[in-house]
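A look at the structure
Here's the letter readout for the chains.
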Amino acid sequence: MNHISETAVHISNLNKSFDDLKVLTDISLDIKKGEFLSVIGVSGCGKSTLLRIIGGLETKTEGTLLVNGQEVEKPSRKIGFVFQDHRLLPWLTVEENIKLALDRNQPDADRLVKENLELVGLGDFAKSYPGQLSGGMAQRVAIARALSNKPDILLLDEPFGALDAMTRINMQQELRRIWQQEKITMILITHDIEEAIFLGERVVVLSSRPGRIKKTVPIEEICHIQRTGTAFSSTRDLIFKEFFRDEELPFAYTI
Ligand SMILES: Nc1ncnc2c1ncn2[C@@H]1O[C@H](COP(=O)(O)OP(=O)(O)OP(=O)(O)O)[C@@H](O)[C@H]1O
Ligand SMILES: [Mg+2]
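Not measured: the values here are computed from a predicted model. (Residues numbered from 1 in each chain as written. Chains lettered and ligands numbered in written order. Predicted model: local features only at pLDDT ≥ 70, side-chain atom pairs only at ≥ 80, totals over all residues. Heavy atoms only, no water.)

Below, the discussion takes up the environment of Ile-225. In this fold, Ile-225 is placed in the loop between β10 (213–218) and α8 (230–244). As a C-alpha pair, Ile-225 and Ala-8 span 217 residues in sequence and 25 Å in three-dimensional space. (Helix = DSSP H or I, 4+ residues; strand = E, 2+ residues; numbered from the N terminus.)

A few words now on helix α6 (residues 165–182). Across its 18 residues, α6 extends 25 Å between first and last C-alpha, which sits within 8% of the 26 Å expected from 1.5 Å per residue. For α6, the set of buried residues is Arg-168, Met-171, Gln-172, Glu-174, Leu-175, Arg-176, Ile-178 and Trp-179. Here the buried face of α6 lies against β3 (36–40), α4 (109–119), α5 (135–148), β7 (153–157), β8 (185–190) and α7 (193–199). Between the side-chain oxygen of the N-cap and the backbone nitrogen of Met-166 there are 3.2 Å, and the N-cap of α6 in question is Asp-164. (Expected span 1.5 Å × (residues − 1). Buried < 20%, exposed > 50% of the residue type's maximum accessible area, 1.4 Å probe, protein only. Contact = heavy atoms within 4.5 Å. Polar contact = N/O pair within 3.5 Å; in protein donor to acceptor, adjacent residues only side chain to side chain.)

What follows deals with the packing of aromatic side chains. Across all of its chains, the model carries 4 aromatic pairs by this definition. Ring centres 5.7 Å apart and planes at 85° place the aromatic pair Phe-36 and Trp-179 in the edge-to-face group. One end of the pair, Phe-36, is in strand β3; the other, Trp-179, is in helix α6, and 143 residues separate them in sequence. Taking the relative accessible area as the measure of exposure, Phe-36 reaches 0% and is therefore buried. Accessibility expressed as a relative area gives 11% for Trp-179, which makes it buried. (Phe/Tyr/Trp six-rings, centres within 6.5 Å; stacked < 30°, edge-to-face > 60°.)

In this section: the domain arrangement of the chain. Domain boundaries assigned for the chain yield domain 1 (3–78 + 153–244) and domain 2 (88–150). Centre-to-centre, using C-alpha coordinates, domain 1 lies 25 Å away from domain 2. The interface of domain 1 with domain 2 comprises 16 residues on the first partner and 14 residues on the second. Between domain 1 and domain 2, a total of about 1,200 Å² is buried, with carbon and sulfur atoms accounting for 63% of that surface. Contact with domain 2 buries surface across domain 1, with Arg-77, Met-171 and Ile-178 losing the most and accounting together for 42% of the total. Counting every contact that joins domain 1 to domain 2 gives 1 salt bridge. Our enumeration of links across domain 1 and domain 2 arrives at 5 residue pairs in polar contact (both at pLDDT 80 or more). Among the elements that make up the side of domain 1 that touches domain 2, the one with the highest residue count is α6 (9 residues). Residues belonging to the side of domain 1 that touches domain 2 are distributed by class as follows: 8 nonpolar, 3 polar and 5 charged. (Domains from an automatic or database assignment. Buried area = accessible area lost by both parts, 1.4 Å probe. Salt bridge = Lys/Arg side-chain N within 4 Å of Asp/Glu carboxyl O. Nonpolar A, V, L, I, M, F, W, Y, C, P; charged D, E, K, R; others polar.)

This paragraph deals with unusual backbone geometry. The omega angle of the peptide bond from Arg-209 to Pro-210 is -5°, so this bond is cis rather than trans. Positionally, Pro-210 belongs in the loop between β9 (202–206) and β10. Within the chain, Lys-150 stands out as a residue other than glycine whose phi angle is a positive 50°. Along the chain, Lys-150 falls in the loop between α5 and β7. For Lys-150, a relative accessible area of 45% translates into the label partly exposed.

Attention now goes to the pattern of salt bridges. Scanning the entire structure with this criterion turns up 15 salt bridges. Across the salt bridge formed by Glu-221 and Arg-176, the nearest N and O atoms sit 3.4 Å from each other. On the criterion of sequence distance, the pair formed by Glu-221 in the loop between β10 and α8 and Arg-176 in helix α6 is long-range, its members being 45 residues apart. By relative accessible area, Arg-176 is classed as buried at 8%. Each of Asp-108, Arg-111 and Glu-115 takes part in a single network of salt bridges with overlapping partners.

Of all residues adjacent to ligand 1, which total 14 residues, the nearest are Ser-43, Gly-44, Lys-47, Ser-48 and Thr-49. One nitrogen or oxygen atom from the main chain of Cys-45 is found 3.1 Å from an oxygen atom belonging to ligand 1. Contact between ligand 1 and His-191: an oxygen atom at 3.1 Å from a side-chain N or O atom of the residue. In isolation ligand 1 offers 640 Å² of accessible surface; the protein chains occlude 61% of this area. Of all the secondary structure elements, the ones that give two or more residues to the shell around ligand 1 are β2 (21–32) and α2 (47–54). For the shell around ligand 1, the element with the highest residue contribution is α2, accounting for 3 residues. Here the residues of the shell around ligand 1 sort into 5 nonpolar, 6 polar and 3 charged. (Near = heavy atom within 4 Å. Areas by Shrake-Rupley, 256 points an atom, 1.4 Å probe, with all protein chains shown as cover.)

What follows is the structure in structure tokens.
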């Protein structure tokens, strides 16, 4: 297999500005097919913008972006998106919400909905309405909806940001299981350093706006199994320091 066919996302020297506001600067990044990449950075540094550009929801200003070797011109069903809020329509059932995202000519709609609801552990909730679900369950439906289109790449923009700590840990574990099972390339944006380490094979740390890549940290396999212990805590310390390095801290703090 050559280098290009193993690369899911190729980004080089990418810049993004909104009028005079520089948001992303000189981003270069290659993401392998099947890789799980976490991206962290402070609020407003351009994380969502980067993800939206990869997903074809926003245009780049300069540079190269190739997804599966092709320029991205518009959103595609091959690139799934999970947002911070679940974005389910309250007047439709879980099943109807997922079907709405599918291609109208998809002959396997019923099977895809069923399989993906089972994959996220909600096989019995197809006929429920979003208002009858907890926050974590609604977010699982959002993941099932994104997976139903059989994307090559799943983009996750702080998908667990609104959940409590225990549900969040549970969802992280579920997402890791789904990634292992489905072997889809996943890019996760998060504020949460521990979440980034637990899930990512690499963690990209962005600087504050204009966002640029400060460091890319490879994560040891043990960190995906054990959240305590020296490997996890030393990685967390390293990323914590990198996260705040050269940033203006609003409080007296030693890192
Ligand atoms: N469509 C837009 N038009 C103008 N400015 C925008 C637009 N979208 C984002 N921005 C600006 O770009 C900057 C980065 O926004 P972005 O949403 O990418 O940040 P973020 O890192 O995802 O932040 P957060 O962690 O709070 O979600 C912000 O200053 C924001 O105001
Ligand atoms: Mg954001």
